[in-house]
Amino acid sequence: MTIPDVLDRALDISIGDRLDLVRRGRPATRSNVQLSYQSIFEPAFTGALSVPERFAVAVVVVRLHGDTPLTAHYEQQFAEAESRAEIIQTLHDVSDYGRTSGPFGQFREPALAPESTDGPRLEIRSGDRQVLGDELSALLEYAHLLVFRPRESAPAELQKLVDVGWTTGEIVAVAQLVAFLSFQIRVAVGLTVLRSTWKD
Amino acid sequence: MTPHTADLVTSYPDLHRPDGFTQNGLGWVPWLEPLSPAEFEERHWNGLVDRARAQMPYFALLAHEPEILAARTLTDFDIFGNADGGLPLAERELAAATVSRVNGCVFCASVHSRNATRLSGRGDDVQALLDEGVTVRTDARWDALIEAARALTVTPNEFGPAHIARLTELGLTDVEIADAIAGAAFFNWANRLMLSLGEPEVPAPRQRATP
């Protein structure tokens, strides 16, 4: 695959430059990371979660990470899928009041209890919930859990998704989406920092 | 162990849970129903990459979304298994164990601390990472890799030019540093799947085979 992929575009990598050569040193990783992106955001089987829902969750997840090299990409993709300004503004508001630091959380394991820490959990405000709906609101609260306190995952957290109608396949899809973004953002940040140290 | 199933979600009130981080082998039980063998179609088999994984509840659960499972698995295999130059595999496993330690994924930490020990022969240093956490002191190179993986894992991100400089001064090349970044980044993916869809258990003692 020689064409620029999502990471190349987000990081403004040109064919043949030093960071391009680093990425092409691992061709299977390079192509499968792109394939992972496509399987989530350009799904061949759209049964589980609509594409606009996927990008809505992605916009919030990237914004929860602060200013990332991928934020503009997901903002743009979501804007193409969802034109209602009210929805976009509400997702930005949720991201702003959801932003915290992590990972934090209670450990389930007794020996790790002294390391347990606390922090704010996201609860979508009622006005925002009316704009977004219960289904998307539940996904965003779950995404916030996965971003900031994954060790507090529990059957009761999945039950909240089931209670508003999400199926097993849809829950697997959103878990993959948030988990993949957690990876992709860190690759983008890591490579950007690496490049920033180069003198040439 | 008596699973309690209410609709789609299963909880395990009597599970034999691990007490903390360990290099011992652990099991993993799913909170959602894995795909049963009868439900597997061609795309699901393709998603597994390795068909034997249909027997493992983690992969059979992820097989509900087979296309992303396949791409995830092939990414995993290359980051942790491609020994064509770059960072030694033991140090990629060290990054995986470090990230799992930070995020609190006891299952992932058990697998990858064990791999790091097997590949490096440094079981005491790996155990110290599990026992003391990421502020542990081992040697200059491992300390720098552990700190880089930690900084890349926390949110807001703390990974900066000083982390790269430290690795560069230790003689790491671009490709080696990129491998360290990929290994740490990938476990921010894997931990979130393992933590969010099920939990670890201490397996029942097995009949030991005669050597």
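Thresholds, definitions, all that
- Residues numbered from 1 in each chain as written.
- Chains lettered and ligands numbered in written order.
- Predicted model: local features only at pLDDT ≥ 70, side-chain atom pairs only at ≥ 80, totals over all residues.
- Heavy atoms only, no water.
- Core = buried A, V, L, I, M, F, W, Y, C linked by side-chain atoms within 4.5 Å.
- Buried < 20%, exposed > 50% of the residue type's maximum accessible area, 1.4 Å probe, protein only.
- Helix = DSSP H or I, 4+ residues; strand = E, 2+ residues; numbered from the N terminus.
- Domains from an automatic or database assignment.
- 1 Å grid on protein atoms, 1.4 Å probe; cavity = no way out; pocket = protein on both sides within 12 Å on 5 of 7 lines; lining within 4 Å.
- Points joined across faces, edges and corners; volume = space filled by probe spheres on them.
- Nonpolar A, V, L, I, M, F, W, Y, C, P; charged D, E, K, R; others polar.

Student: Tell me about the nonpolar core, and name the residues and values.
Tutor: Residues Val57 and Tyr74 of chain A together with Leu197 of chain B are the most contacted members of the largest nonpolar core, which totals 135 residues. Among the elements that make up this core, the one with the highest residue count is helix H9 (residues 168-196) of chain A (18 residues). Residue assignment places this core across two domains, with domain 1 (4-78 + 195-201) and domain 2 (86-193) of chain B each supplying three or more.

Student: Can you break down empty space enclosed by the protein residue by residue, with the values?
Tutor: What the rule picks out here adds up to 4 cavities of 30 Å³ or more. Roughly 220 Å³ of volume is contained in the largest cavity. As for the largest cavity, its lining consists of 17 residues, of which Arg23, Arg26 and Thr29 of chain A together with Ala178 and Ala182 of chain B are closest to the centre. Among the elements of the structure, helix H2 (18-24), helix H3 (27-41) and H9 of chain A together with helix H3 (66-81) and helix H9 (174-197) of chain B are those that each provide at least two residues to the lining of the largest cavity. When residues of the lining of the largest cavity are assigned to their parent elements, the largest contribution, 4 residues, is made by H9 of chain B. Empty space within the second largest cavity amounts to approximately 90 Å³. Arg108 and Glu109 of chain A together with Gly104, Leu195 and Pro200 of chain B are, among the 15 residues lining the second largest cavity, the residues nearest its centre. Contributions of two or more residues to the lining of the second largest cavity are made by helix H5 (106-120), H9 and strand S4 (198-201) of chain B. Looking at the lining of the second largest cavity element by element, the count peaks at 3 residues for S4 of chain B. Residue composition of the lining of the second largest cavity, by class: 8 nonpolar, 3 polar and 4 charged.

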